[in-house]
Amino acid sequence: MNLPIYMDYQATTPVDPRVMELMTPWFSTKYGNPSSRSHPFGWEADQAVENARAQVAALIGADPREIVFTSGATESNNLAIQGIARFYKERGNHIITAVTEHKAVLDTCRYLESEEGFQVTWLPVDSKGRLDLAQLEAAITEQTILVSIMAANNEIGVIQPIREIGALCRRRNVFFHCDAAQGVGKIPMDVEEMNIDLLSISGHKIYGPKGIGALYVRRKPRVRLKPVLFGGGHERGMRSGTLPTPLLVGFGAACAIAKEEMVAENQRILALRQRMTHGLLNRLTHVEINGDLEHRLAGNLNISFAYVEGESMMMAIKDVAVSSGSACTSASLEPSYVLRALGVNEEMAHTSIRFGLGRFTTEEEVDFVIETVVQAVEKLRDMSPLWEMAQSGVDMQSVQWDAH
Amino acid sequence: MAYNEKVLDHYENPRNVGSLDKGDSQVGTGMVGAPACGDVMKLQIKVNDQGVISDAKFKTFGCGSAIASSSLVTEWIKGKSIDEALTIRNKDIAEELALPPVKIHCSVLAEDAIKSAVADYRSKQKGSL
C-alpha cells in the first residue's frame, strides 16, 4: 500500500492507464489538426475525434451530433446557461437553479442576474440535500426559460431526482440543463429517458484527462445557443477552438470504459463505502453523515466529526488525501455553502471531511483510513475544549461565545 | 497549503495540553473564540505566590495554526510574571510561527487567551481578598 492514500475522487481522478496508453500517440506521431481537410494527418485526427464523440454520446444515450466538446464542465455550464439565456431572452428572462449547485452554475446565473437583467430563482434543498419538486414546479412562470439542476453534488454526493425534473420541464416547455460532472459515468444518465436538453460532462472526473469536457445539446426538439467563444466556427459554431485530439481520445476511451464497467464498479465502491461508514460509526460517537444516504454517489462519504475542526483533522490524517468543508481550508474563511444550505450548523460544517472513493480504492486502504481517522479524532478530541465541555455535560448552545 | 515547520512541530508535539483545576484560586482560565467561527482556545495559568506563572495548559478546537499558537504561548508564559506574559503580542506569535496572512487571527486569539486567563486570575484574587 502506497502512502499517501488518495481519497478525493470528487475533486479529480487519475487517468486510467488504459486511457493513457490510447492517448500517447496522439501527442507525438499523430499530431494533425482535425480541422485540416487537405491531408492524412488531419483525416486521421478527425476520425479519432468523431470516434470519441460517438463514445461520449453512447454513454448518455445521445446522438454524436449532439456533443459539443469544451474544456470541461465549468465551460459547459457557462456555455449552456449563458448560451440559452442570450438566445432565448426574447422568450423570457427567468432562470431557476438551486443553492447547492456548483459555483460554475451559481456564479454564471448571478452574473446574468446582475449584468444582463435576468431574474434567478435559487431553490432551497431539504436537510438531506434534495430538491422539492413541488417547489420547483411552483417556481416556474411564463418567463422561465431554463432550469439548471445538477445530477449529483460534488461535496455530499447527493443525487437529485433528474428524471422527474426532466419530465416536469418538458411538460412546462422549459429547457432543462443538468450539470452532470459528478453523475456521468457514476450513475446511469440517459438524456432521452430523462428529458435533458443540455448536459455538462467533465473528462477528469471519470478517469480521463483534465482540460476536456462536453456539453450535450439536444437536436430534437432543437436547442439553440449563443456561443461564448468565437473563432473558427468549430463544433457547429457553438464552441470555436482547435480540438485537442489526445484529450478527446482519452475522454472518449474513459467514457467507453465507464459504460462497460459502471455497474460492477459501483457495487464494489459502494461496498467499500459501507465498510468505511460502519468502521467509523462503530468506533466513534458524535459523528454525523451529511446528506442523503440513499440517493447518493457510491464513492462519497461526507462526515462531520463533532468537536474536531476540519483542517486540524486533515493535518492529523496527512497520509490520507481528503477535503474539508471547514472555513480554514478556503480562501474566503466561510464554511461550506452546501452544508449550510442543508441546515448543518456552522460549527458542524467546520468539522466536516469529504472522503471520495473510486476506481483504485482498495479494502486495505479503507481499513487504514478507518484506523487513522479514529486515532486522529481521539487525539484531537482530547485536545478540544469543546469535547471536554460536552463530556462534562455543558450545553454548548447555552454558552455565550465571543464571535470574532 | 504547506505548513511551516514550527507549526507542524507544535501541532504534532503540542506542549502542555490539558486542564488545570478551574476551582483553584491560583488558576486563571481564559476561553476565547467561538465554535461557529471554527476556533475556540482554552488557556489556563497557575500563578504562584510570587506572581509567576508556574504552569500553563491549553485545549484548542481549531486549525493547525490555532493549535500551534496556543501551544507556543503556553511555552512562552511559563516562568514569566503575569505582567510579562501580558506583553506578548500576536505579532510575536505570528512571526515565530511564520503564519500566513489568513492565519493571523489564530495568533490574535492566542494573545486574547492570555489576557482572558490573566483577567480571570485577577478577578479571583480580588474576590478572595
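Everything discussed here concerns the structure shown above.
Residues numbered from 1 in each chain as written. Chains lettered and ligands numbered in written order. Predicted model: local features only at pLDDT ≥ 70, side-chain atom pairs only at ≥ 80, totals over all residues.

Asks: Which parts of the structure should I look at to understand helix α8 (residues 245-283) of chain A?
Replies: The periodicity of an α-helix, 3.6 residues per turn, causes residues three or four places apart in sequence to face the same way. Given a rise of 1.5 Å per residue, 39 residues ought to cover 57 Å, yet the end C-alpha atoms of α8 of chain A are separated by just 49 Å, more than 12% below that figure. Along α8 of chain A, the sharpest change in direction is near 65° and occurs at Glu261 of chain A. (Helix = DSSP H or I, 4+ residues; strand = E, 2+ residues; numbered from the N terminus. Expected span 1.5 Å × (residues − 1). Bend = angle between axes of the 7 residues up to and from the residue.)

Asks: Is there a simple way to explain the interface of chain B and chain A in this structure?
Replies: It is common to give the size of an interface as the accessible area that goes away when the parts come together. With 24 residues of chain B in contact, the opposing surface of chain A contributes 22 residues. Counting residues per element, the ones that place at least two in the side of chain B that touches chain A are β1 (27-34), β2 (39-47), β3 (53-61) and α2 (64-77) of chain B. For the side of chain B that touches chain A, the residue count by class is 14 nonpolar, seven polar and three charged. (Contact = placed C-beta atoms within 7 Å. Nonpolar A, V, L, I, M, F, W, Y, C, P; charged D, E, K, R; others polar.)

Asks: Hey, could you run me through the sheet that holds β1 of chain B in this one?
Replies: Strands in a sheet are paired, the pairing made by backbone hydrogen bonds, and the direction either parallel or antiparallel. All names here are of chain B. Spatially, the three strands line up as an open sheet ordered β1-β2-β3, and their pairing is antiparallel. In the strand order of this sheet, the two ends are held by β1 and β3, each with one partner. Mean inter-strand twist for the sheet, computed between neighbouring axes without regard to direction, equals 10°. Along the sheet, α2 contacts β2 and β3; its crossing angle with β3, the most-contacted strand, is approximately 175°. (Pairing = 2+ DSSP bridges. Axes fitted to C-alpha atoms, helices over the stretch in contact; angles between N-to-C directions.)

Asks: Whenever I open this one, the packing of α8 of chain A against helix α12 (residues 363-382) of chain A confuses me. Can you help?
Replies: The geometry of a pair of packed helices is captured by two quantities: the angle between their axes and the separation between those axes. All names here are of chain A. Put simply, α8 and α12 touch, their axes get as near as 10 Å, and they point 20° apart. By the angle class used here, α8 and α12 are roughly parallel. Crossing hand, α8 versus α12: right-handed. Facing Leu272, Arg275, Met276, Gly279, Leu280 and Arg283 of α8, the residues of α12 in contact are Glu363, Val366, Val369, Ile370, Val373 and Val374. (Parallel < 35°, antiparallel > 145°, perpendicular 65-115°, else oblique. Left-handed = near helix turned anticlockwise from the far one by under 90°.)

Asks: Could you clarify how one ought to interpret the nonpolar core in this entry?
Replies: The nonpolar side chains of soluble globular proteins are, as a tendency, buried together. All names here are of chain A. By size, the foremost hydrophobic cluster in this structure holds 156 residues, and its most contacted members are Tyr216 and Leu248. At 14 residues, the largest contribution of residues to this core is made by α8. Once residues lying within four places of it in the same chain are set aside, the contact partners of Tyr216 are Ile60, Ala62, Glu66, Ile67, Val191, Leu198 and Leu199. (Core = buried A, V, L, I, M, F, W, Y, C linked by C-beta atoms within 7 Å. Buried ≥ 20, exposed ≤ 12 C-beta atoms within 10 Å, placed from the backbone.)

Asks: Whenever I open this one, the pairing of strand β3 (residues 94-98) of chain A confuses me. Can you help?
Replies: For a regular strand, side chains alternate in direction, first toward one face of the sheet and then toward the other. All names here are of chain A. Counting buried positions over the five residues of β3 gives four, a clear majority of the element. As paired elements, β3 and strand β5 (residues 144-148) share four bridges and run parallel to each other. The residue bridging His94 from the neighbouring strand is Thr144, located in β5.

Asks: Mind showing me how you'd approach helix α4 (residues 73-87) of chain A here?
Replies: Residue and element names in this part refer to chain A. Here α4 contains 15 residues, and its C-alpha end-to-end distance of 20 Å stays within 8% of the 21 Å for a straight helix at 1.5 Å per residue. Along α4, twelve of the 15 residues are buried, which leaves the element largely enclosed by surrounding structure. Within α4, the full set of buried residues consists of Ala73, Thr74, Glu75, Ser76, Asn77, Asn78, Leu79, Ala80, Ile81, Gly83, Ile84 and Ala85.

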